[in-house]
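Breakdown of the fold
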Amino acid sequence: MSARPLRYRLAAHRLLGTAGSLVTVVGGLLAGVRPVGEVAIDLPIVHQVRASTALSVAVVYVGLTMLLLAWWRVGRQVRSGDTSCRSLATTAAWWGAPFALTIPIFSGDVHSYLAQGAMTRAGLDAYQVGPAALGGPLTVNVPDIWQHTPAPYGPIFLNLAGGVTEVTGGGVWAGILGMRLLALLGVGLMVWSVPRLARFCGVRPAAAMWLGVLNPLVLLHLIGDAHNEAVMLGLMCVGLVMALRHRPVVGVVLLTLATLVKAPAALAMAFVVPIWARQLGGRWPRLRVALWVGAVAGGTAVLVTALAGMSFGWVQALGTPTHARTWMSITTDLGWAVGTVLHHLIGVGVEQTRHAVWLIGLVVAAGLCVALWRRSARIGPVPALGLSLAVVVIAGPVVHPWYLLWAIVPLAAAAGGTAIRRVVTAGSVALVLLVLPGGVQPGLPALVGALAGTVPVLVAAAAFLRLRQRRGSASPAGDPVERVQPVLTAGRAVGRSPGGRRPTAQPALVAASGNAGRRVPARHVDPAGDADHDAPPAAGQRLALRAVSTRRGGLPRWYTAVPTTAAGPAVCHCWWSSGPHRRHR
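Worth saying up front: this structure is predicted, and the values here are computed from it rather than measured.

It is worth spelling out helix 3 (residues 53–79) at this point. Taking 1.5 Å per residue, 27 residues should reach 39 Å; helix 3 reaches 39 Å between its end C-alpha atoms and fits that length. Within helix 3, 19 of the 27 residues are buried, leaving the element largely enclosed by the surrounding structure. Note on helix 3: the residue one or two positions beyond its end, G81, has a positive phi of about 80 degrees.

Printed below as a string of structure tokens:
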């Protein structure tokens, strides 16, 4: 298959996803978080459509379904090896742009961020009082449940939010755009670090980018709603990359900074211990590394907190999110059910039972995290971290869809098992479709609107796919693939040879014997390289060979594209300025 149809196909998926984002944004103006004050939308047609819950929700779900279909189609192209990380980053920019320029759709937490940042700049202790103590336009859109609650976020995030309010002059709309800029910086760190994590963990970078960065949950909640998870995950992933690059001290510092944005990143420091211990060697490596990690993390936290002029009051405020009751939390639902029964039987309070179930859930989560940490050498530290974060979220007292990104991003970058990746993909689709916009309440009208928006798009997509399959079956069959003959291609050397000279690439003879009845994608032999090179596919008689130098010298690493056949192995002869090297596959 030529590069031109593949490029056109990706462009079509990109346009479909962008259209889905635009429709979702329009629906968000109708069914999203209803702002008041400076960012209120007082158009008569908006008020009329908002009065119909089913219609406004249907518009949102038309866009969400289009976006999910585009994401699924791009995923199929990624699995075939036809998409690079750079093109996926470009696609993410296209799809995310509409969400960066609109009001929040699913959550109004960004208003709490702005109010807490303004409190920090005004000298109020956000760890002792809530936004109500500040007053003014920045607190108008803060939900009532958070008006008198302390901030559970670290000093780095509160100072970043305070900087946004200072630069924007306390304006609400400008402040939302400023918080989106912080979120985009965090997503940018993810774009840089997720493919590199994937290479270290033996996962295809493009597949990691598709599942961990192009994921609609990232677009909707990290960009659209500007959640601080974007900054936390960006710093966490970069810290893991530094640790894997034999810079564990830098990695621990970055992970500490991520923790000072939001607490869950602290769990990643535990899984730096096996990474660092494997690099260190000697006797009792994990014990020695654990002491080093504790010292570096503690020193960084104390220094940063002192420089910020704040306290560790955020640790005491970590229970603030439990003021919200979320139906996605298993322990909350179980605690309510058991508490209701016990209240009728023996008079025990429902809240008392719910807190007991929460405690049991956290104890179980802690035990599973310890078990995963002990098996991290076999599972892999980064996949074990992702599974641990998933356990913490699922067993936690509060579950929001963006909380699941704590686990989705590291699992997308490191989990090589097909079962895990399928579960993460299916879970992402379910979370996109099950979470209603923030301006409507669950009920029959919302369900009717969701079905009215989703079903027609799926029917139209199925009809289009059926029509295309009929056209493909009606076209004349092509000639069968002929026997592959030796092909002469030009190998291109990148970088410098160990002696400092730029190597002169000589023609590389790639000879393949046997029949190649299917397209064989090129295989990346260097999973820990830095450069973002996605190997081109080998189709028919066209085989590609490419060489890049290692970071610290040595022989070049190779991209090879040679079909495996029963007739015999393919032989690759490659000549460099330093001499010939012969490899058999």
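Structure shown, so let's carry the discussion forward.
Moving on, we come to the pattern of salt bridges. Proximity of charged atoms lets side chains of opposite charge pair with each other. Throughout the structure, instances matching the rule amount to four salt bridges. Among the ionic pairs, E166 bridges to R121, the shortest N-O distance being 3.5 Å. A residue pair is termed long-range when its members are at least 10 positions apart, and E166 in helix 6 (residues 155–167) and R121 in helix 5 (residues 109–121) qualify at 45 residues. The class of R121 is partly exposed, set by a relative accessible area of 46%. We note a salt bridge from R354 to E351, for which the minimum N-O separation is 2.2 Å. Residue R354 and its partner E351 are both found in helix 16 (residues 350–374); the two are separated by three residues, about one turn of the helix. Residues participating in the shared-partner salt-bridge network are R325, E351 and R354.

As for its position among the elements, A384 is in helix 18 (residues 381–395). A384 gets classed as buried once you look at its relative accessible area, which sits at 0%. Sequence-distant contacts of A384, defined by excluding residues within four places in its chain, comprise F271, L372, S376 and I379.

For the protein chain, the mean per-residue pLDDT works out to 81, and 78% of the residues sit at or above 70. Confidence, read as mean pLDDT per element, is least for strand 8 (residues 557–560) in the protein chain (32) and greatest for helix 10 (residues 229–244) (97). Considering only residues more than four positions removed or in separate chains, one finds that residues 477–585, a stretch of pLDDT under 50, has 181 contacts.

Turning to unusual backbone geometry, a few remarks are in order. Look at A226: it is not a glycine, yet its phi comes out positive at around 55 degrees. Checked against the element boundaries, A226 lands in the loop between helix 9 (216–224) and helix 10. For W284, which is not glycine, the phi torsion reads 45 degrees and is therefore positive. Structurally, W284 is set in the loop between helix 12 (266–280) and helix 13 (285–308). Classification of W284 by relative accessible area gives exposed; the value is 63%.

Here is what the cut-offs are and how they apply
- Residues numbered from 1 in each chain as written.
- Predicted model: local features only at pLDDT ≥ 70, side-chain atom pairs only at ≥ 80, totals over all residues.
- Heavy atoms only, no water.
- Helix = DSSP H or I, 4+ residues; strand = E, 2+ residues; numbered from the N terminus.
- Expected span 1.5 Å × (residues − 1).
- Buried < 20%, exposed > 50% of the residue type's maximum accessible area, 1.4 Å probe, protein only.
- Salt bridge = Lys/Arg side-chain N within 4 Å of Asp/Glu carboxyl O.
- Contact = heavy atoms within 4.5 Å.
- pLDDT = per-residue confidence, 0-100.

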